[in-house]
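Coordinates in review
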Amino acid sequence: MNQHPQKESISNKNESSSQNNFGVIVKIAGPLVVAENLANAKLGDICKVGKEGLIGEIIKIEGNLSYLQVYEDTAGLAPGDKVVNQGIPLSVELGPGLLGNIFDGILRPLNEIAKVGGIYIPKGLAIPSLIREKFWNFEPVVKIGQKIHGGDIIGYIQENAFIKHAIMVPPNISEGEVIDIQKKSLKVTDQAALIKNSLGETIKISLIQLWPVRQPRPVSKKLVPEIPLITGQRIIDALFPIVKGGTASVPGPFGSGKTVVQHQLAKWSDADVIVFVGCGERGNEMTDVLEEFPRLKDPKTGRPLIERTVLIANTSNMPVAAREASIYTGITIAEYFRDMGLSVALMADSTSRWAEALREMGSRLEEMPGEEGYPAYLGSRLAAFYERAGAVECLGSPKRQGSLTVIGAVSPPGGDLSEPVTQNTLRVSKVFWALDDKLAAKRHFPAINWLKSYSLYSENTDSYFSKNISPQYPKILKQTMSILSEEEKLLEILKLVGFESLSDAERLILQTAEFIREDFLMQNAFDEIDSFTSLKKQYLMLSTIINYHTWQANQIAQGKSFQECNKPEIKEFIKKMKFVPENNLSVFEKILESLK
Ligand code: ADP
């Protein structure tokens, strides 16, 4: 939650002098508080509620009644207590110090809170999101007299080994001239630059900017996302790719490997920044994330990956309204890093819990329920959230491109994919990785079902693969998918007739499909070599399987039997190829040569 000096002063003024801005509580129902006569109330305004100053947001206004969702536990509030309007929407502080930190759903820093409040968040606590005392070395890139606009970069801070943090003019400043610029160590609230706008007003630019979380940050233009987000996970990169700026959803029945998939993406994907929103999952699952994320190391540099990560933690026992806000807090932070020209991946776990928070607030507001009790606007809210993903040309100068990829986990009750949250998510996200508990039970990991999953980006990535990997690759990928679906049909037939009644060509399909499943799709996250596979190696692995298949199919077509057209050394190679180190890929060339 922002505690910008600007805002602190607003709040003090309100409490002391303004008679107009406060109303009186007339009803309390869990996280919903109704206040009477809250003058100047606007939808989305933030208010301080009760003696403890709990943070609430106006979500409905009816006559002289304002309905607030309160982000903290409302126990102890009573009718007659005061509600003071802060007059600004729910906003977050954006600036150096976000990376490597853990926040709650309204961006209160959990580590700092733990120092004062122990394991529980004290009510009404006002701790700034970004540490005030720390100095950051600011290197300016603009000069006095220079014209600047919203989104322009005025300087950089080397925040850590991963990220050069761009300090930007807030997007809502239209035009101005630099009249002062610093070149020294600064605290986040210090003046980095002074700007005079066209009206002659001076505007202080510090290292922090505030942004209302429910409003997407503006961009110059949206681009077609075409570059794959390389994850090193073979089934994802090869069969169901996601692009930088794309959207994906992943349903996660318990034990299906959802956490491991998320860790693998956080660890290996070639995004610059990862924002992880733990939204309403059980406390112990979030603890896993909180304990394990800081331990993950960047495989390339050995540095802790938490340095490029922002964690938002909102567990199921925290107030439901804060859960509703947490995904907006997360995506606003992600957009901020995107605006610097970085590629950002946001993971939300899980959007089902977020939707449940919407449902709970909806029912407390006595709205007409839609499907399965979810509010009628569930679909449009989900769409608006995923819509904030994209590859963009960023606002301002220098010209730069950034991307925001959104990966949302859904947890359909009982694994039922026809329920409203999953269905509405499928409508708006373009990749679906269907985690399958049956595969997990067979220890086939990652347990992504290749028949149920899809990616609508394959066309975009095909042209990238042709250009950057091999012109043959898209064709090989199509053959791979077609062999897998033929296997499925053959397995159905096998249930009715015996193996003996299959033709040699059909037996070949079964053998190749087994290679694809066991020696390509199955990938052990905990094996040093197997954990990550480069695109080049993925291509070589699939080429080996498919070329062997083609060679055998030709032999069979020429009248040889299935048994006669085996090359044991190739089979042996396929069984071991996932463990070929990335620096020894030439061994594939020899094998592929022998299949020509
Ligand atoms: P979930 O979060 O869906 O409940 P987890 O991600 O914790 O499930 O996975 C459960 C277990 O499955 C892990 O502890 C691990 O043993 C195994 N597992 C999942 N994915 C992989 C993988 N890619 N490689 C190896 N083992 C895996």
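Residues numbered from 1 in each chain as written. Predicted model: local features only at pLDDT ≥ 70, side-chain atom pairs only at ≥ 80, totals over all residues. Heavy atoms only, no water.

**Notes on the overall build of the protein**
Secondary structure assignment for the protein yields 16 helices and 26 strands. For 596 residues, the compact-globule estimate of 2.2 N^0.38 gives 25 Å, and the C-alpha radius of gyration of the protein, at 27 Å, lies within 12% of that figure. For the protein, the spread of C-alpha atoms along the principal axes amounts to about 95 × 55 × 40 Å. Residue pairs in contact within the protein that sit at least 24 positions apart in sequence constitute 70% of those at least 6 positions apart. Put simply, the protein shows about 24,900 Å² of open surface, and 53% of that area lies on carbon and sulfur atoms. (Helix = DSSP H or I, 4+ residues; strand = E, 2+ residues; numbered from the N terminus. Rg over C-alpha atoms; globule rule 2.2 N^0.38 Å. Contact = heavy atoms within 4.5 Å. Areas by Shrake-Rupley, 256 points an atom, 1.4 Å probe, with all protein chains shown as cover.)

**Quick notes on the side chain of Thr461**
One can find Thr461 in helix H11 (residues 458–468). Sequence-distant contacts of Thr461, that is, excluding residues within four places in its chain, are made with Pro228, Pro241 and Val243.

**Some words on the packing of aromatic side chains**
Given two aromatic rings, one states the distance between the centres and the angle between the planes to describe the pair. For the structure shown, the criterion picks out eleven aromatic pairs. Centroid distance Tyr464 to Phe465: 6.3 Å. Interplanar angle 70 degrees. Geometry classified as edge-to-face. Above the plane of the ring of Tyr328 lies Arg214, whose end atom (NZ or CZ) is 4.9 Å from the centre. The ring of Trp211 has Arg217 lying over it, and the distance from NZ or CZ to the ring centre is 5.1 Å. (Phe/Tyr/Trp six-rings, centres within 6.5 Å; stacked < 30°, edge-to-face > 60°. Lys NZ or Arg CZ within 6 Å of the ring centre and 35° of its normal.)

**Description of the sheet that holds strand S15 (residues 193–197)**
Within a sheet, each strand pairs with its neighbour through backbone hydrogen bonds, oriented either parallel or antiparallel. Ordered in space as S10-S13-S15-S16, the four strands form an open sheet in which the pairing is antiparallel. Because the sheet does not close on itself, it has two edges, and the strands there are strand S10 (147–149) and strand S16 (202–205). Between one strand and the next, the sheet's axes are offset by a mean angle of 40 degrees, whatever the strand orientation. Here S10 runs beside strand S13 (residues 175–181); their pairing, made up of three bridges, is antiparallel. (Pairing = 2+ DSSP bridges. Axes fitted to C-alpha atoms, helices over the stretch in contact; angles between N-to-C directions.)

**A look at the site of the ligand**
The local shell around the ligand holds 14 residues, among which Gly255, Lys258, Thr259, Val260 and Ala525 are the closest. Here an oxygen atom of the ligand sits 2.3 Å away from a polar atom, N or O, in the side chain of Thr259. Protein chains shield 75% of the accessible area of the ligand, which is 550 Å² for the free molecule. (Near = heavy atom within 4 Å. Polar contact = N/O pair within 3.5 Å; in protein donor to acceptor, adjacent residues only side chain to side chain.)

**So, the pattern of salt bridges**
The full count for this structure, using the stated rule, is 28 salt bridges. Measuring nitrogen to oxygen at the nearest pair gives 3.4 Å for the salt bridge that ties Asp45 to Lys42. The salt bridge involving Lys576 is made with Glu572; its shortest N-O contact spans 3.9 Å. Here Lys576 pairs with Glu572, and both are found in helix H15 (residues 568–576), just four residues apart, close to one helical turn. (Salt bridge = Lys/Arg side-chain N within 4 Å of Asp/Glu carboxyl O.)

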